[in-house]
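# Examination of the molecular architecture
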Amino acid sequence: MIPRYLVDFDVAGLNQLEADVLIIGSGIAGLYTAIKAAENRKVLLITKKSLMESNTRYAQGGIAAVTSDEDSPAYHMEDTLIAGAGLCEPEAVKALVHEGPDGIQELIRLGTAFDRVGGELALTREGAHSHRRILHANGDATGYEVVRALSQQVAAHPGIEVWEECMVIDLLTEHGECIGALVQMPDGERSYITANATILCSGGSGQLYRYTTNPEIATGDGIAMAYRAGAIVRDMEFIQFHPTALCHPGAPRFLISEAVRGEGAVLRNIHGERFMDKYDSRQELAPRDIVARAIIHEMERTQSTFVYLDITHEPPERVKQRFPTIYQTCLSYGLDMTTGWLPIAPAAHYMMGGIQTNLYGESSIGRLYACGETSSTGVHGANRLASNSLSEAIVFASRIIERLQSLPPLVGHTLISYSDNRAEYQASTVVEQRHKLQETMVQYAGVRRHRDGLQAALEELHGQVPVFQTVIASREEIEFANLLTCALLVVDGALLREESRGAHYREDFPETDDRVWRKHVQQRREQGITEESIHDI
């Protein structure tokens, strides 16, 4: 059903370039990995938009790491494991919490200016964290500051070549190893890149849903490419919906950071009533999956399309100083968060699953690595703890570079070609197809799922599968094919997992079933869908 390659090609007739390390994606994972790899290697970094455009850029809340004497890695680990609802790989979490602080110092060395109070790093607290351990920059523009600093380093580095506005179509493999990638250049021509190591840092797949905090580029490209190449992907059913995205006519689903609740904001229904105490003793600081479902339930109970986020009881100047980006953005839509309540609703935010890797970012395919949101390291389990994503990227980027030290050179490979006799005709435009897919996922595979709805989603998605047998040429068409691949993986995984756990909630199986389902769901193109036990320590 899903082909090995999206397009027909013969590399013998293409422009060829060689690199020591090929990095696909320019968020924190791609930029940081490129900088570390370029210390003694020739690096080619490819991004389908500009160097500054990524999910990282829009990360507001911050980055989680232990930097306070009142905190400890043991506390951070405990919080991460609790949020992950039994599906975290403990060894991966241990790596995150112990190595994250050093990663913070490296970001600072590379020019990231985190907020400080009296010379000390300023820390805040977010949902499900037991301590204040979230570092932030410019109040609520942490992601932008990290990308700014790292992209400047990348742009100035003589060992890093950057290709912007280029679309990687597929990974090329031979004898169980990734030998490079097929790339579409800005002018539509294609090139063939060979690399000793290929590292996927291409982010998540928020564009599976009509309502998402992610930018337009988050189309699951790396996950789909790796799946087509034969890599194992894992836990695709676990998609985190951020509880608080702006829900206002004419405005995008702009993220209202978790840190706003961490600094005292409360949730109210359309009648002005606080409601989180009915759903969890931690109230507004409960894990994201609990808060998101509570909001959906309250919206249905009050027959509303939103609830309110209220921080009007805090001093206005403090709110403006702590959340300048959110304040100004909301103000541009006529909403003053210091004097009025913000209308919000959940929106797709983060994919916990992805390309399965070991503790050194290695996928099941030789020479192919994954880092950041596109990977499944085992850190996040069934529900990512707030602000652990940026930490994960820098920790596992460093581990990947460590493993590259022992990678032997790539020697000898054939000139690959592929033909599938694809048709020219498509019944509808790619814009229509993408919108239909997003509506299907919102309706049937969103915050709450049910067997009947998931079966209906599969039927709808299978109706779009013929696109794989047509000629795919534009970036938009490649992105749609990747979204369709990821959508099928998400729905198949959600159908198989007959329980509720973390971000995956089945109305027909509302309880968590540790006896049967405390395990990962794996998917591989040639082997189908399987299960894997948790590696306890």
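Structure: above.
Only a predicted model underlies this, so the values are computations on that prediction, with no experimental measurement involved.

Moving on, we get to the overall build of the protein. When helices and strands are tallied, the protein shows 14 helices and 23 strands. Taken over the C-alpha trace, the protein has a radius of gyration of 22 Å; the compact-globule value for 537 residues is 24 Å, and the two agree within 12%. If one aligns the C-alpha atoms of the protein with their principal axes, the spans along those axes are about 65 × 55 × 50 Å. The buried share of the protein, taken over its 537 residues, is 63%. Of the accessible surface of the protein, which amounts to about 19600 Å², a share of 48% is contributed by carbon and sulfur atoms. With 49 positive and 72 negative side-chain charges, the protein shows a spacing of 2 Å between the two charge centroids.

According to the stated counting rule, one finds 43 salt bridges in the structure shown. In this structure, Arg451 and Glu498 form a salt bridge, with 2.2 Å as the shortest nitrogen-oxygen distance. Here Glu498 lies in the loop between α13 (475-496) and α14 (514-517) and Arg451 lies in helix α12 (residues 451-462), a separation of 47 residues in the sequence. Residue Arg451 is classed as partly exposed on the basis of its relative accessible area, which comes to 31%. By relative accessible area, Glu498 is classed as partly exposed at 27%. When salt bridges that share partners are traced, they join Lys48, Glu216, Asp221, Arg434, Arg475 and Glu479 into one network.

Phi at Asp235 takes a positive value of approximately 60 degrees, unusual for a residue other than glycine. Relative to the helices and strands, Asp235 is located in the loop between β13 (233-234) and β14 (239-246). Residue class for Asp235 comes out buried when judged on its relative accessible area of 3%. Even without being glycine, Arg367 reaches a positive phi, approximately 65 degrees. Checked against the element boundaries, Arg367 lands in the loop between β18 (354-356) and β19 (368-370).

What follows concerns the side chain of His349. In this structure, His349 sits in strand β17 (residues 342-351). His349 gets classed as buried once you look at its relative accessible area, which sits at 13%. Apart from the residues lying within four places of it in its own chain, the contact partners of His349 are Thr213, Asn214, Gln240, Phe241, His242, Leu255, Arg288, Glu373 and Arg384.

This part is about α13. Taking 1.5 Å of rise per residue, 22 residues should cover 32 Å, and α13 covers 32 Å from first to last C-alpha, within 8% of that figure. Burial of α13 is extensive: 18 of the 22 residues sit out of reach of the surface.

In this section: empty space enclosed by the protein. For the structure shown, the criterion picks out 5 cavities of 30 Å³ or more. As for the second largest cavity, its lining consists of Ile239, Gln240, Phe241, Arg288, Asp289, Ala292, Arg293, Asn383, Val447 and Ala503. Where the lining of the second largest cavity is concerned, the elements lending two or more residues are β14 and α7 (288-301). Among the elements that line the lining of the second largest cavity, the one with the most residues is α7, at 4 residues. Along the lines of polarity and charge, the residues of the lining of the second largest cavity split into 5 nonpolar, 2 polar and 3 charged.

Moving on: the nonpolar core. Core analysis: the largest hydrophobic core is formed by 104 residues, its most contacted members being Leu208, Ile256 and Met441. Those residues within four positions of Leu208 in sequence are excluded, and the remaining contacts are Ile239, Met351, Leu437, Gln438, Met441, Leu483, Cys486, Ala487 and Val490. Ile63, Leu123, Leu135 and Ile160 belong to the second largest nonpolar core, which has 40 residues in total.

Looking down a regular strand, the side chains alternate between one sheet face and the other. Neither face of strand β3 (residues 43-46) is left uncovered, since the one carrying Val43 and Leu45 and the one carrying Leu44 and Ile46 both have all their residues buried. As paired strands, strand β2 (residues 15-24) and β3 are joined by 4 bridges and run parallel to one another. Bridged to Leu22 within β3 is Leu44. Sheet analysis places β3 next to strand β9 (residues 160-163), joined by 4 bridges and oriented parallel.

Criteria and thresholds
Residues numbered from 1 in each chain as written. Predicted model: local features only at pLDDT ≥ 70, side-chain atom pairs only at ≥ 80, totals over all residues. Heavy atoms only, no water. Helix = DSSP H or I, 4+ residues; strand = E, 2+ residues; numbered from the N terminus. Rg over C-alpha atoms; globule rule 2.2 N^0.38 Å. Buried < 20%, exposed > 50% of the residue type's maximum accessible area, 1.4 Å probe, protein only. Areas by Shrake-Rupley, 256 points an atom, 1.4 Å probe, with all protein chains shown as cover. Lys, Arg positive; Asp, Glu negative; His and termini not counted. Charge placed at Lys NZ, Arg CZ, Asp CG, Glu CD. Salt bridge = Lys/Arg side-chain N within 4 Å of Asp/Glu carboxyl O. Contact = heavy atoms within 4.5 Å. Expected span 1.5 Å × (residues − 1). 1 Å grid on protein atoms, 1.4 Å probe; cavity = no way out; pocket = protein on both sides within 12 Å on 5 of 7 lines; lining within 4 Å. Points joined across faces, edges and corners; volume = space filled by probe spheres on them. Nonpolar A, V, L, I, M, F, W, Y, C, P; charged D, E, K, R; others polar. Core = buried A, V, L, I, M, F, W, Y, C linked by side-chain atoms within 4.5 Å. Pairing = 2+ DSSP bridges.

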